[in-house]
Amino acid sequence: MPDITHHILIEAPATTIFPLVATGAGLSQWWAEDVIQAPDGSVELGFFNRATVYRLRPQTQLAPTRATWVCETGKEWADTRLMFELLPRGTGTGLRFTHSGWREASEYFVSCNTTWGGLLFRLRAVAQGRGDGPLFRKSGLAF
């Protein structure tokens, strides 16, 4: 099974980054504007006027070092895992991201790999206090 992995350095403490990767409110600041958080902690992220909806359930939330989500929906995303691991690095934090459990390295897998790279730069910008908002907006992609 192929995995998507990325690593990025962020000049911010893990305590600032963790809520951005572990909560619906945080995800809405850099990933998708259309986020609904349920009382059980799961979140739904809507894309392209909700033509695509990914429901994520928190699996591991170890503040401020690791947040893992299990994706419950999506043709290729179902049963995959998103792990954000926060590691002290000098005056900042290293973020190791893994999107694991893909069934195959399809064209969509490759597209998602590229998108995740861009998303992590948006996350870093928000954590460092200069974000442009989420990549996926209700009105379309933000560029």
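(A) View of the overall build of the protein. Assigned secondary structure in the protein consists of three helices and nine strands. Scanning the protein from its N terminus toward the C terminus, one meets helices and strands in the order β-α-α-β-β-β-β-β-β-α-β-β. For 143 residues, the compact-globule estimate of 2.2 N^0.38 gives 15 Å, and the C-alpha radius of gyration of the protein, at 14 Å, lies within 12% of that figure. Projected onto its principal axes, the C-alpha coordinates of the protein cover approximately 40 × 35 × 30 Å. Among the 143 residues that make up the protein, the fraction classed as buried is 46%. In the protein, the share of contacts with a sequence separation of at least 24, taken over all contacts with a separation of at least 6, comes to 48%. Of the accessible surface of the protein, which amounts to about 7,200 Å², a share of 53% is contributed by carbon and sulfur atoms.

(B) Geometry of helix H3 (residues 107–127). Relative to the 30 Å expected for 21 residues at 1.5 Å per residue, H3 spans 30 Å between its end C-alpha atoms, a close match to the ideal helical length. Considered for burial, the residues of H3 that qualify are Phe109, Cys112, Trp116, Gly117, Leu119, Leu120, Arg122, Leu123, Ala125, Val126 and Ala127. Lining the buried residues of H3 we find strand E1 (4–10), helix H1 (14–22), helix H2 (24–30), strand E6 (81–89), strand E7 (92–100) and strand E8 (136–137). Where H3 terminates, the next one or two residues include Gly129, which has phi positive at roughly 85°.

(C) Up close: the pairing of strand E2 (residues 34–37). The pairing of E2 with strand E3 (residues 43–47) spans four bridges and is antiparallel. Bridge assignment links Asp34 to a residue of E3, and that residue is Gly46. Connecting the antiparallel pair E2 and E3 is a turn made up of five residues, with Gly41 showing a positive phi of about 95°.

(D) Structural detail: the packing of H1 against H3. The contact between H1 and H3 brings their axes to 10 Å, and the two run at 135°. Between H1 and H3, the angle is such that the two are oblique. The handedness of the crossing between H1 and H3 comes out as right-handed. Mapping the contact onto sequence places Thr16, Ile17, Leu20 and Val21 in H1 and Leu123, Val126 and Ala127 in H3. Residue classes in the contact of H1 with H3 are distributed as six nonpolar, one polar and no charged.

(E) Region of interest: the sheet that holds E2. As summarised here, the arrangement of the seven strands in space is E1-E7-E6-E5-E4-E3-E2, forming an open sheet in which the pairing is antiparallel. Each end of this open sheet is capped by a strand with a single partner; those strands are E1 and E2. Each adjacent strand pair in this sheet contributes to an overall mean axis angle of 20°, direction not counted. As judged from the five bridges shared by E3 and strand E4 (residues 52–62), these two strands associate in the antiparallel manner. Counted as the bridge partner of Val43 is Leu56 from E4.

(F) Fine view of the state of the cysteines. Counting across every chain of the model gives zero disulfides. No disulfide involves Cys71; its sulfur sits 10 Å from the nearest other cysteine sulfur, which is in Cys112. Classification of Cys112 as buried rests on a relative accessible area of 7%.

(G) Broad picture of the nonpolar core. Residues Trp30, Trp31 and Trp116 are the most contacted members of the largest nonpolar core, which totals 40 residues. The greatest single-element share of this core, amounting to eight residues, is contributed by H3. Not counting the four nearest positions on each side in its chain, Trp116 is found in contact with Ile4, His6, Trp30, Trp31, Trp77, Leu82, Phe84, Phe97 and His99.

The rules behind each value
Residues numbered from 1 in each chain as written. Predicted model: local features only at pLDDT ≥ 70, side-chain atom pairs only at ≥ 80, totals over all residues. Heavy atoms only, no water. Helix = DSSP H or I, 4+ residues; strand = E, 2+ residues; numbered from the N terminus. Rg over C-alpha atoms; globule rule 2.2 N^0.38 Å. Buried < 20%, exposed > 50% of the residue type's maximum accessible area, 1.4 Å probe, protein only. Contact = heavy atoms within 4.5 Å. Areas by Shrake-Rupley, 256 points an atom, 1.4 Å probe, with all protein chains shown as cover. Expected span 1.5 Å × (residues − 1). Pairing = 2+ DSSP bridges. Axes fitted to C-alpha atoms, helices over the stretch in contact; angles between N-to-C directions. Parallel < 35°, antiparallel > 145°, perpendicular 65-115°, else oblique. Left-handed = near helix turned anticlockwise from the far one by under 90°. Nonpolar A, V, L, I, M, F, W, Y, C, P; charged D, E, K, R; others polar. Disulfide = S-S within 2.5 Å. Core = buried A, V, L, I, M, F, W, Y, C linked by side-chain atoms within 4.5 Å.

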